[in-house]
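# Reading the structure
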Amino acid sequence: MSPPPELPGVLASLGPALDSYGYLAAGGLLFLEDFGVPVPGETILIAAAVYAGAGSLNIALVIGIGVVAAVAGDNVGFAIGFSAGAGCWSGSGTTYCSPLPGSTPRNGSSPATAGRSS
């Protein structure tokens, strides 16, 4: 195993996590990010790829752990949202509420589709 490379710029702050925890850091942070926690998951995946390019990590394991962590995090986030249902949350002093199922007008998606394509 070769010594870890010097990471440029903002990636340098992720170097100690990869040095200490390696694959666990990459998979764990990516899982948390896809779950909904604001952490640098994709950024540490890029840093792990740099480490793999330098020979410090195995690129096949980085890819495999990245795929599994991303899919697992997405599924956990979906399961929580599905079980919690529609709800309200606050942000910037404003309260937002999700619409209840069936409350969208009959042609509610048509104007949105037309607006996106114009």
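First, a word on scope: everything that follows refers to the structure included in this document. (Residues numbered from 1 in each chain as written. Predicted model: local features only at pLDDT ≥ 70, side-chain atom pairs only at ≥ 80, totals over all residues. Heavy atoms only, no water.)

### Structural notes on the overall build of the protein chain
Our working definition: What counts as a helix is a DSSP run of H or I of at least four residues, what counts as a strand is a run of E of at least two, and both are numbered from the N terminus. By definition, residues are in contact when any of their heavy atoms lie within 4.5 Å. Method for areas: the Shrake-Rupley scheme with a 1.4 Å probe, in which residue coverage is limited to the protein chains shown.
Secondary structure summary: the protein chain contains five helices and two strands in total. Traced from its N-terminal end to its C-terminal end, the protein chain shows the element sequence α-α-α-α-β-β-α. Contacts in the protein chain between residues at least 24 apart in sequence constitute 57% of all its contacts with a sequence separation of at least 6. Only carbon and sulfur atoms are counted for the fraction: they give 66% of the accessible area of the protein chain, which is about 7800 Å².

### Points about the nonpolar core
Our working definition: Buried Ala, Val, Leu, Ile, Met, Phe, Trp, Tyr and Cys residues that are joined via side-chain atoms within 4.5 Å together make up what is termed a nonpolar core. Relative accessibility decides the category of a residue: with a 1.4 Å probe and only protein chains considered, values under 20% of the type maximum give buried, values over 50% give exposed, and everything between is partly exposed.
Formed by 13 residues in total, the largest nonpolar core has its most connected members in Leu18, Ala48 and Leu57. With five residues, helix H3 (residues 41–53) is the single largest residue contributor to this core. Discounting chain neighbours no more than four positions away, the residues touching Leu18 are Ile44, Ala47, Ala48, Tyr51 and Leu57.

### Topic: H3
Selection rule: Take the number of residues in a helix, subtract one, and multiply by 1.5 Å to get its expected span. Within this analysis, the arc is defined by the directions that extend from the helix axis to the C-beta atoms.
Counted at 1.5 Å a residue, the expected span for H3 with its 13 residues is 18 Å, and the 18 Å between its end C-alpha atoms agrees. Looking at H3, one finds that the buried residues are Gly41, Ile44, Ala47, Ala48, Tyr51 and Ala52. Seen end-on, H3 carries its buried residues on one side only, within an arc spanning 145°. Every exposed residue of H3 that faces more than 90 degrees away from the buried side is listed here: Glu42, Ile46 and Gly53. The secondary structure elements touched by the buried residues of H3 are helix H1 (15–21), helix H2 (23–35) and helix H4 (59–84). Two residues or fewer past H3, Gly55 is found with a positive phi of approximately 90°.

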